[in-house]
Amino acid sequence: METLKFEVDQESIEKAGEIIRKGGLIAFPTETVYGLGANAYDSRAVRSVYAAKGRPSDNPMIVHIAHFDQLEDVVSEVPEVGRQLMDVFWPGPMTLIMKKNDEISDATTGGLDTVGVRMPSNRTAAAFLNSCRVPVAAPSANLSGKPSPTTCEDVLEDMDGRIDGIIMGEQCDVGIESTVIDVTGDHPVILRPGFITAEMIRKSLNIEVTYDPALFMEPDQSDFHPKAPGMKYKHYSPKADVQIVEGDQEKALQIIGELSTKAQAEGKKTALIDYGRDSREAARDFFARLRELDREDVDIIYVYALPEEDLGFSVMNRMLKSAGYNVIHA
């Protein structure tokens, strides 16, 4: 399959939207990461996404919309707390879990009766979604398990020849996937942390938000049924072995130095990722850095842990998954 490369202009974006309506697959930039889009109503197209990514079919996708009028085409009801969150954080990097409309393919939701919906703030994404004229199911545009793509070059690395086209847009600003919030219960529950943090929600709306307990444990792969993307399977992993080192910075860096010296003596190539306390830079850079180090054939990547507060908690969620929860305590 030849993968078409679309420039960011209206004519090209309209052609990409037409491919979606005909059942094809298009990768496109958002403010978080690049998504791999398919018509959310088209079961065959959605199954093609799973095939292109090598993605397990019980891992639900997020439906992307261009405007609020499309909500009724995706969900059967919008809880009041959901509307409050939309009013403040949409368009933006926030996905809401609600009861799905019968028209949305079960393939899109991994067989669940709920669906994740989001409205991206990225201008290219908004133009593309408008051109599709249907809700678009879109996970990240990478091979399943690899670091999420934040540039069109990352997408080409994984998807060239596997999908119909890529919109060759800009680098993603946020750099980690959207915050996923379940609003089907008595209070909102964060299923996947992201750029929109629990503290931001509390300050903006005076709403109490809790975290899904699954975020604090390694789920049993055999019987755990994910409510949102990224909850069950190993994610965000480069070819290199990733090891997280946490604790006092001086001690942690000393341990990393010792481990790196030993590994290099064994003929292994090592690298260090250390963002200090800059969780914003870590969010934007981490996935790109993992891919860069893979291209450099690094064998072991040592990552100094961020403070697990606010955005740092969200980035550490990705770091821990990339390492398979391999943590060294300094």
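Calculation criteria
- Residues numbered from 1 in each chain as written.
- Predicted model: local features only at pLDDT ≥ 70, side-chain atom pairs only at ≥ 80, totals over all residues.
- Heavy atoms only, no water.
- UniProt positions renumbered as here; feature names shortened; annotations may be inferred.
- Helix = DSSP H or I, 4+ residues; strand = E, 2+ residues; numbered from the N terminus.
- Buried < 20%, exposed > 50% of the residue type's maximum accessible area, 1.4 Å probe, protein only.
- Arc of directions from axis to C-beta.
- Contact = heavy atoms within 4.5 Å.
- Polar contact = N/O pair within 3.5 Å; in protein donor to acceptor, adjacent residues only side chain to side chain.
- Pairing = 2+ DSSP bridges.
- Axes fitted to C-alpha atoms, helices over the stretch in contact; angles between N-to-C directions.
- Parallel < 35°, antiparallel > 145°, perpendicular 65-115°, else oblique.
- Left-handed = near helix turned anticlockwise from the far one by under 90°.
- Nonpolar A, V, L, I, M, F, W, Y, C, P; charged D, E, K, R; others polar.
- Salt bridge = Lys/Arg side-chain N within 4 Å of Asp/Glu carboxyl O.

1. Notes on the UniProt feature "binding site: L-threonine" (unreviewed entry) in the protein chain
When the UniProt feature table is mapped onto this chain, "binding site: L-threonine" (unreviewed entry) is found at T32, H64, A138 and S178. Maximum C-alpha separation among the annotated residues is 12.6 Å over a sequence range of 147 residues, consistent with a single clustered spot. Among the secondary structure elements, T32 is positioned in the loop between β2 (26-28) and β3 (35-39). Residue T32 is classed as buried on the basis of its relative accessible area of 4%.

2. Examining helix α5 (residues 123-132)
Within α5, burial applies to T124, A125, F128, L129, S131 and C132. One side of α5 carries all its buried residues, which in axial view fall inside an arc of 160°. In this structure, the buried residues of α5 make contact with α1 (10-21), β2, β4 (62-64), β7 (136-137) and β8 (165-167). N-capping of α5 is provided by N122, with a side-chain oxygen placed 2.9 Å from the backbone N of T124.

3. Topic: the pairing of strand β6 (residues 114-118)
Counting buried residues in β6 gives five out of five residues, a clear majority hidden from the surface. On β6, burial covers both faces: T114, G116 and R118 on one face and V115 and V117 on the other are all buried. In this sheet, β6 lies alongside β4 in parallel orientation, the contact comprising three bridges. Looking at β6, one finds that H64 is bridged to R118. Where strand β5 (residues 94-99) and β6 come together, four bridges link them in antiparallel fashion. What sits directly across from K99, in β6, is T114.

4. So, the packing of α1 against α5
One can describe the packing of α1 onto α5 by two numbers: an axis separation of 7 Å at closest approach and a directional angle of 50°. One element, α1, and the other, α5, form an angle in the oblique class. For the crossing formed where α1 meets α5, the hand is right-handed. Residue-level inspection shows I13, E14, A16, G17, I20 and R21 of α1 in contact with α5, the latter providing T124, A127, F128, S131 and C132. A per-class count over the contact of α1 with α5 returns six nonpolar, three polar and two charged.

5. Some remarks on the pattern of salt bridges
In the structure shown here, the tally under the stated rule is 18 salt bridges. Residues D106 and K100 are paired through a salt bridge, measuring 3.3 Å at the closest nitrogen-oxygen approach. Residue K100 is classed as buried on the basis of its relative accessible area of 12%. In this structure, E292 and R289 form a salt bridge, with 3.1 Å as the shortest nitrogen-oxygen distance. Here E292 and its partner R289 are both found in helix α9 (residues 279-295), three residues apart, which amounts to about one turn of the helix. Judged by its relative accessible area of 35%, E292 is partly exposed. If you follow the salt bridges from partner to partner, you end up with K146, D154, E157, D158, R291 and R295 in one network.

6. Considering the sheet that holds strand β12 (residues 241-246)
Across the sheet, four strands lie side by side as β13-β14-β12-β15; this open sheet has parallel pairing. Of all strands in the sheet, those with a lone pairing partner are β13 (270-273) and β15 (327-329), marking the two edges. Averaged over all pairs of adjacent strands, the angle between their axes in this sheet comes to 25°, without regard to strand direction. Here helix α8 (residues 249-265) sits on the sheet and contacts β12, β13, β14 (300-304) and β15; the angle it forms with β14, its principal contact strand, is near 175°. Those strands touched by α9 are β13 and β14, and its axis lies near 170° from that of β13.

7. Some thoughts on helix α2 (residues 43-53)
Those residues of α2 lying buried are A45, V46, V49, Y50, A52 and K53. One side of α2 holds all its buried residues, which, seen down the axis, span an arc of 165°. Seen from the buried face of α2, the exposed residues on the opposite side, beyond 90 degrees, are R47 and A51. In this structure, the buried side of α2 is in contact with β3, α4 (106-109), β7 and α6 (152-159). For α2, the N-terminal cap is D42; the gap from its side-chain oxygen to the backbone nitrogen of R44 is 3.1 Å. A positive backbone phi angle near 70° is found at G54, which sits one or two residues after α2.

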